[in-house]
Amino acid sequence: MKKIRNIVAAGALTLAMGVTSLTVFAAAKYDSPQEALAGITGKTIEELEDERYDEGKTYGEIAAEAGKLDEFKDELFEQKKEIIEERVAEGNLSREYADEILERIEDNQATCFGTGERGSGMMGGFGFRFGGGRGNGFGRNR
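Sequence order sets the numbering: in each chain, residues are counted from 1 along the sequence as written. Local features in this predicted model are restricted to residues of pLDDT 70 or higher, and side-chain atom pairs are both shown and tallied only at a pLDDT of 80 or more, whereas totals for entire chains, interfaces and linings draw on every residue. Side-chain metrics in this entry use all non-hydrogen atoms of the structure; hydrogen atoms and water are not considered.

Helix and strand definitions follow DSSP, with helices as H or I runs of at least four residues and strands as E runs of at least two, each counted in order from the N terminus. In terms of regular secondary structure, the chain is built from 6 helices and 0 strands. Scanning the chain from its N terminus toward the C terminus, one meets helices and strands in the order α-α-α-α-α-α. Any residue under 20% of the maximum accessible area for its type is buried, any over 50% is exposed, and the rest in between are partly exposed; the area is computed with a 1.4 Å probe on protein chains only. Split into buried and exposed, the 142 residues of the chain put 33% on the buried side. Whether two residues touch is decided by their heavy atoms; if any such pair falls within 4.5 Å, the residues are in contact. Looking at the chain alone, contacts between residues at least 24 apart form 54% of all its contacts between residues at least 6 apart. Working note: accessible area of the chain is about 9,300 Å², and carbon and sulfur atoms make up 54% of it. Each accessible area is a Shrake-Rupley result for a 1.4 Å probe, and residues are judged covered by the shown protein chains and nothing else.

Now for helix H6 (residues 95-109). Multiplying 1.5 Å by the helix residue count minus one yields the expected span of that helix. Spanning 15 residues, H6 covers 21 Å between terminal C-alpha atoms, matching the ideal 21 Å at 1.5 Å per step. Looking only at H6, the buried set comprises Tyr97, Ala98, Ile101, Leu102, Ile105, Asn108 and Gln109. Each buried residue of H6 sits inside an arc of 140 degrees when the element is viewed along its axis, so together they form one side. Residues of H6 that are buried sit in contact with helix H5 (69-90). In this description, the arc belongs to the directions extending from the helix axis to the C-beta atoms.

Now for the packing of aromatic side chains. By convention, a stacked pair of Phe, Tyr or Trp rings (six-membered ring in the case of Trp) has centres within 6.5 Å and planes under 30 degrees apart, an edge-to-face pair has planes over 60 apart, and any other such pair is tilted. Considering all chains together, one arrives at 0 aromatic pairs under this definition. Note on geometry: a ring has a charge over it if NZ (lysine) or CZ (arginine) is within 6 Å of the ring centre and within 35 degrees of the ring normal. Lying over the aromatic face of Tyr59, Arg52 brings its terminal NZ or CZ to 4.5 Å of the ring centre.

A few words now on the environment of Lys80. With respect to the secondary-structure elements, Lys80 resides in helix H5. Residue classification places Lys80 among the buried residues on the basis of a relative accessible area of 7%. Once the C-alpha coordinates of Lys80 and Ala28 are considered, the two residues, 52 residues apart in sequence, prove to be 8.9 Å apart.

Salt-bridge detection follows one rule: a side-chain nitrogen of Lys or Arg within 4 Å of a carboxyl oxygen of Asp or Glu. Per the counting criterion, the structure on display carries 8 salt bridges. We note a salt bridge from Glu51 to Lys43, for which the minimum N-O separation is 2.8 Å. Judged by relative accessible area, which is 29%, Lys43 ranks as partly exposed. Where Lys73 meets Asp70, a salt bridge forms, and the shortest distance between an N and an O atom there is 4.0 Å. Of the two residues, Lys73 and Asp70 both sit in helix H5, 3 residues apart, roughly one turn of that helix. Asp70 sits in the exposed class, given a relative accessible area of 54%.

Geometric descriptors of this kind do not, in isolation, establish any biological role.
Right, here's the structure in full:
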């Protein structure tokens, strides 16, 4: 009886690890916009920061100049999606509002050319921040 219980437990653990690895496979590749742009363009974070501050470019402009804007936007979407899904799992954000945010991000990506001009960004005024900060970064809990 003990042997069967151990076999069942080992099978359940193997199944759980398999499901988790599939979830991780679909996850974002990088932890921040800087890391994503560095990985996508092959530049170092220091080179990107110099370009951003010395030349006044946005990360989107740098990605566009490298011909990698779509890849960069896709990665940023995955990063944002992960954080939104975490907020839903924690109970800090409703599924309906999360879906609304994700839909708005996708809509805004279609008109985002990497310039960073007000109103043309990917978040469209949701106040989304990487790294947390005060509150949950969404302004209110719906």
